Amino acid sequence: MSRMLRRVLVRGLRVCFRAKSSRVIVQNEEDRDFIVRKKIAFAEKTTVIPGFGVNAEEFAPGPEPDGEFVVMLAARMLWEKGVREFVEAAYELHKRDVKVRMVLVGAPDPNNPGCFPDRQLRDWVETGCVEWWGQQSEMPQVLRRAHLVCLPSYREGLPKVLLEAGACGRAVVTTDAPGCSYVVRHGENGLLVPIKNALALADAIHDLLLDADRRLRLGAAGRERAVREFSEEKIARHTLSVYAGLLSWNWPFGLDSAEEKARAVGNL
């Protein structure tokens, strides 16, 4: 059934995007490659805009916290976010007698088929290998309580938490999955591990726990990239320029350039 629905959806999208004035916006290069490969839209009609950006002033860097090493996974509590692999990595590090606090931040999403019950979270916490801080509202402060941010997701559009962690100057460990690998460049602002590989995840966490200099370099590079490529202001300008380029009619304001039209769109 799902394959049939996918075929119907792909055909419908092909029809929609035949319009001369259409434009397809995706959040990462992998999704654009898929759309072009499936002939849903031509490459020249696609644009990559990485989400809504990050507020680099609100998510500002700060010193690493004192005390025991904290690794944080901040996401909805869903299987596909790699929560199981995070917990298994916590067990592995515990077996190695590594002193680390493995922290889950986020709430279950009961309307999502990938959700697991609160009881499962409580069972994990009772083992003593992981902590669950639940839903948090002040994420800049929460992220700065971590030494390392982790997202072992199976797939993402554009993982905002990785942008926020980078803006806070935190190194990250994530998977070589669509969306995640768009934000994190291996060895530059974080480390990439294979999907569903808890042992590789534990090894990467352990490596950065032992190498503070490298961890801080990765975090600084993450901050620089978040400001340079993913700031809210930059993403907003890019988005407005796409909308302005689609305006084929004559503007009543006497605006000719795409930049002038983008400014006008932003003021509507």
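Residues numbered from 1 in each chain as written. Predicted model: local features only at pLDDT ≥ 70, side-chain atom pairs only at ≥ 80, totals over all residues. Heavy atoms only, no water.

Enquirer: Would you mind going over the overall build of the protein chain with me for this structure?
Expert: Helix and strand counts for the protein chain stand at 11 helices and 8 strands. In the protein chain, buried positions account for 46% of the 268 residues. Long-range contacts, defined here as pairs at least 24 residues apart, represent 67% of the contacts in the protein chain between residues at least 6 apart. (Helix = DSSP H or I, 4+ residues; strand = E, 2+ residues; numbered from the N terminus. Buried < 20%, exposed > 50% of the residue type's maximum accessible area, 1.4 Å probe, protein only. Contact = heavy atoms within 4.5 Å.)

Enquirer: Honestly, the pairing of strand β7 (residues 171-175) in this entry has me stumped. Any pointers?
Expert: Consecutive side chains along a regular strand alternate between the two faces of the sheet. Burial within β7 is extensive, with 5 of its 5 residues counted as buried. Across the two faces of β7 the burial is the same, with Ala171, Val173 and Thr175 and Val172 and Thr174 all buried. In this structure, strand β6 (residues 148-151) lies alongside β7, joined through 4 bridges in parallel fashion. Across the sheet, leucine 148 pairs through a bridge with alanine 171, a residue of β7. The handedness of the β6 to β7 crossover, carried by helix α6 (residues 160-167), is right-handed. In terms of strand pairing, β7 meets strand β8 (residues 190-193) through 4 bridges, oriented parallel. The residue bridging valine 172 from the neighbouring strand is glycine 190, located in β8. (Pairing = 2+ DSSP bridges. Right-handed = clockwise from strand over helix to strand, strands pointing away.)

Enquirer: In this structure, what is going on with the packing of α6 against helix α9 (residues 212-229)? I would like to understand it.
Expert: Each pair of packed helices gets described by two things: the angle between the helix axes and the distance between those axes. At a minimum axis distance of 7 Å, the contact between α6 and α9 shows a crossing angle of 110°. Relative to α9, the element α6 is oriented roughly perpendicular. The hand of the α6/α9 crossing is left-handed. Of the residues in α9, those touching α6 at Leu163, Gly166 and Ala167 are Gly219, Gly222, Arg223 and Ala226. (Axes fitted to C-alpha atoms, helices over the stretch in contact; angles between N-to-C directions. Parallel < 35°, antiparallel > 145°, perpendicular 65-115°, else oblique. Left-handed = near helix turned anticlockwise from the far one by under 90°.)

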